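For reference, the chains in residue letters:
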Amino acid sequence: MTADKMNETRQLTAKEKHDLEHVLPMWKIVWQQFTEHRMAVIGLCVIIFFVLIAAFAPVIKAVTGLDPEAQNPLSRYQPPLSRTMLPTDQRNDKVLEFENMNPNVAAELRKSLIEKSLVQSASEEDALYDLVAQKNTDEIREAMKLIPTEAADKFLPVVNTFETMHVFGTDELGRDVLMRLIYGTRVSMSVGLMVAFFSAFVGLLIGAVAGYYGGVMDAVLMRVTDALLSLPTLPFLIVMAAIDLNKVPLFKSLVGSENESIVKMVTILLLFSWMTIALLVRGSILSLREREFILAAKTLGAKDSTIIFRHMFPNVIAPMLVSVTLGVGNAILFESALSFLGLGIQPPTPSWGNMLYNAQELISEAPFLAFLPGLLILATVISFNYLGDGLQDAIDPKAIRR
Amino acid sequence: MTTYILRRLIQTVVVILLLSYFCFYIMTLMPGDPVELMIQSNPKITSEDVARLRTLYGLDQPAYKRYLHWASTLVQGDLGYSRTYRVPVSELIGSKLINTFILSMSSLSLALMIAIPLGVLSALRAGSKLDYLVNFFAFAGISVPSFWLAIVLIIIFSVFFHLLPAGGTSTIGNELTGMAAILDRAKYLILPTMSLAYLQIGTFVRYTRSSMLEAMRNDYIRTAKAKGLSRQAVIWKHGFRNALLPLITVVTLSLSGIFSGALITESVFAYQGVGKLVYDSIIANDFNVAMVSFIISVTMVLIMNLLADVLYGFADPRISFK
């Protein structure tokens with residue numbers, strides 16, 4: 001054995017030693033275990049993708065110039081990747097706007113159009129309108145090449161707005177499906193995340209009080225939890241969603257009419273989603289209560305709130321995280337189901353569920369419309385479920401290693 | 001044991017009473033009471049008529065008095081009268097209960113027949129490609145929106161291939177008898193059964209897989225293998241029997257849906273079951289029908305919860321009832 005090789009082995013052991021002695025922080029261990037679960041990582045990526053889309057929806061709207069609310073009765077049920085023209089009156093409005101903005105350029109354009117007889121017009125005033133009415137966008141672009149470039153260049157952007165490309169086609173009111181899906185992502189995602197977040201909060205509070213104080217408080221809270229858990233969720237959600245809010249005294253004054261259906265949705269879903277977390281928190285707190293460090297904190301004279309918030313909650317958060325993650329998926333499912341029945345998010349606000357509201361009538365006309373939103377729901381919910389599964393494996397040291 | 005069951009039964013009755021009042025109250029919050037509907041359909045109605053009708057239906061009374069009245073007639077065996085269908089509720093609900101029972105039993109058995117072998121198989125080959133695939137299949141089952149699954153099935157099987165009817169319970173106006181009638185019903189059952197079963201398969205596969213994995217790691221499995229038992233005997237007699245315990249709970253809990261039905265699936269397929277009845281009656285403000293079907297489903301869920309706990313105790317002697 002040569003000296004070189006000896007050196008190499010010694011270096012390797014030194015590196016190994018360093019690896020062995022180096023202490024990994026908790027979150028790094030969890031992260032490492034998490035990344036071993038391939039589907040969970042894919043799920044996380046999908047979720048991040050959707051969250052980004054939801055966050056940047058207004059930017060996408062500004063860049064593409066597509067409005068999710070813009071209706072076009074002449075181009076309903078267009079197939080994917082189709083182009084549609086604005087109706088004539090809307091094109092005329094745009095030309096009028098252009099003429100008012102740049103009267104000189106417009107006059108120049110009109111003159112040259114008549115001169116080169118690119119358009120058949122009774123009077124010069126109508127030249128631009130006739131051009132727009134008689135020719136399609138490609139022909140207008142051709143015509144623009146034949147006249148003084150400066151004026152044509154100014155008119156071309158207006159021409160470009162006449163035609164829109166619909167990647168996923170249009171719906172029953174001629175609205176762009178892609179844009180509605182993007183804005184729907186915003187609504188569905190935020191409802192899901194908000195419900196999960198608030199139910200974590202409520203569950204944490206109720207579970208902690210029940211677990212820590214025990215006795216009558218525990219008995220009452222747990223009976224309520226059991227009762228709510230045993231309810232058939234969907235019929236109840238439907239009744240709650242159908243409630244006329246004007247008959248509920250407090251609600252009206254708290255919420256404006258703008259986001260009413262979203263706030264209502266979150267509130268109703270919250271009512272039926274905090275129980276699993278409360279049970280979980282109660283269980284962990286019951287076992288934590290007997291631990292030495294809690295006894296130590298009590299002996300030192302810590303207040304109940306300090307013990308619960310500073311000493312117990314950090315130990316509860318990790319297992320709770322899994323339940324919250326799964327809760328997001330469930331909330332999205334329930335929201336979409338209610339919106340599908342026409343009781344959830346109210347149009348024109350788009351959500352994945354209410355885009356399917358009349359999907360059943362559309363299945364022969366536009367099966368594609370009935371297909372896409374559901375696929376997005378499935379992708380999101382399955383991602384959240386895989387994420388929860390991965391988190392569980394990563395957090396729980398006893399979990400089976402893959 | 002007996003005291004445990006008795007105590008749970010009393011608790012269940014109390015919970016049902018409280019919940020029925022809760023339901024009753026939130027139903028009164030829904031828009032449009034019967035008199036309002038009558039006003040809309042009859043423009044000639046006078047304000048005296050309205051007042052008279054309100055007294056007749058007891059709508060001028062506070063909610064708790066109306067509840068007491070409703071509950072006392074219910075106890076006497078009078079389920080009330082459906083406003084939409086103009087028939088007594090008891091007459092209306094009978095056939096729907098049977099329809100729902102048929103649908104839920106067929107989907108539950110289909111789900112179990114598929115899910116248990118799949119779950120066991122993927123547990124035995126944990127980490128393999130097959131395991132990944134089965135897992136994905138199961139995750140998709142718990143994540144798919146039920147209404148969308150139903151619509152996709154309709155698109156595939158009735159719109160594109162014209163194989164099966166898109167909805168309904170049986171061919172309308174048929175005069176079939178005997179075998180032909182049964183076959184006709186079966187044709188309408190296939191799609192709803194498939195979509196309901198798939199939703200349950202997801203949960204069942206995941207439970208079977210994890211409890212089977214747990215069971216196969218026990219020492220007695222190694223002993224059984226060591227003493228030379230066949231692979232089949234080890235898996236089914238020693239492994240699977242112990243893996244069954246948690247499954248019992250899950251299956252019993254899903255039995256609670258046997259009479260309450262699957263609201264969305266039944267509605268999408270226009271299957272005349274209790275689920276669709278609940279939905280229709282809530283939407284149409286058919287108060288008596290909604291309340292009765294509500295109470296049936298709540299009661300079923302609570303009883304099945306109780307049954308699950310008791311069965312669990314029988315299946316696992318380590319659990320004691322206090």
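Residues numbered from 1 in each chain as written. Chains lettered and ligands numbered in written order. Predicted model: local features only at pLDDT ≥ 70, side-chain atom pairs only at ≥ 80, totals over all residues. Heavy atoms only, no water.

Draft legend 1. Main features of the domain arrangement of chain B. All names here are of chain B. When cut into domains, chain B gives domain 1 (2-80) and domain 2 (90-315). One C-alpha centre belongs to domain 1, the other to domain 2; they are set 33 Å apart. Counting from both sides, the interface comprises 20 residues of domain 1 and, opposite them, 18 residues of domain 2. Summed over both sides, the interface between domain 1 and domain 2 buries roughly 1,800 Å², with carbon and sulfur atoms accounting for 79% of that surface. Sorting the residues of domain 1 by area buried against domain 2 places M27, W70 and L79 first, and these three jointly supply 31% of that buried surface. Across the domain 1-domain 2 interface, the total number found is 0 salt bridges. The interface formed by domain 1 and domain 2 includes 0 residue pairs in polar contact (both at pLDDT 80 or more). Taken together, the elements giving at least two residues each to the side of domain 1 that touches domain 2 come down to α1 (2-28) and α4 (63-75). At 12 residues, α1 tops the list of elements feeding residues into the side of domain 1 that touches domain 2. (Domains from an automatic or database assignment. Contact = heavy atoms within 4.5 Å. Buried area = accessible area lost by both parts, 1.4 Å probe. Salt bridge = Lys/Arg side-chain N within 4 Å of Asp/Glu carboxyl O. Polar contact = N/O pair within 3.5 Å; in protein donor to acceptor, adjacent residues only side chain to side chain. Helix = DSSP H or I, 4+ residues; strand = E, 2+ residues; numbered from the N terminus.)

Draft legend 2. Layout of a negative patch on the surface. A cluster of like negative charges, contributed by A:E115, A:E124, A:E125 and A:D126, occupies part of the molecular surface. For A:E115, a relative accessible area of 61% gives the class exposed. (Patch = residues over 30% accessible without salt bridge, like charges linked within 9 Å, V, L, I, M, F, W, Y side chains within 5 Å. Areas by Shrake-Rupley, 256 points an atom, 1.4 Å probe, with all protein chains shown as cover. Lys, Arg positive; Asp, Glu negative; His and termini not counted. Charge placed at Lys NZ, Arg CZ, Asp CG, Glu CD. Buried < 20%, exposed > 50% of the residue type's maximum accessible area, 1.4 Å probe, protein only.)

Draft legend 3. Fine view of the side chain of B:S143. Along the chain, the position of B:S143 falls in helix α6 (residues 129-143). For B:S143, a relative accessible area of 0% translates into the label buried. At 2.8 Å, the side chain of B:S143 and the side chain of A:N385 are in polar contact. In this structure, B:S143 is in contact with A:L333, A:L378, A:V381, A:I382 and A:N385, ignoring residues within four places of it in sequence.

Draft legend 4. Quick look at the nonpolar core. Ranked by internal contacts, the top residues of the largest apolar core, which has 134 residues, are A:V191 and B:F147. Among the elements that make up this core, the one with the highest residue count is helix α17 (residues 304-340) of chain A (14 residues). A:V95, A:V119, A:A152 and A:F162 belong to the second-largest nonpolar core, a separate cluster that totals 22 residues. (Core = buried A, V, L, I, M, F, W, Y, C linked by side-chain atoms within 4.5 Å.)

Draft legend 5. Broad picture of the environment of B:L130. All names here are of chain B. Here L130 is to be found in helix α6. Placed 85 residues apart in sequence, L130 and A215 show a C-alpha to C-alpha distance of 20 Å. Leave out the neighbours within four places in its chain, and L130 touches L121 and R125.

Draft legend 6. Quick peek at the environment of A:I53. Residues and elements named next belong to chain A. Secondary-structure assignment places I53 in helix α3 (residues 38-55). The exposure class of I53 is buried, given its relative accessible area of 18%. Along the chain, I53 and T185 lie 132 residues apart, while their C-alpha atoms are 7.4 Å from each other. Here I53 is in contact with I60, I182 and T185, once residues within four sequence places are set aside.

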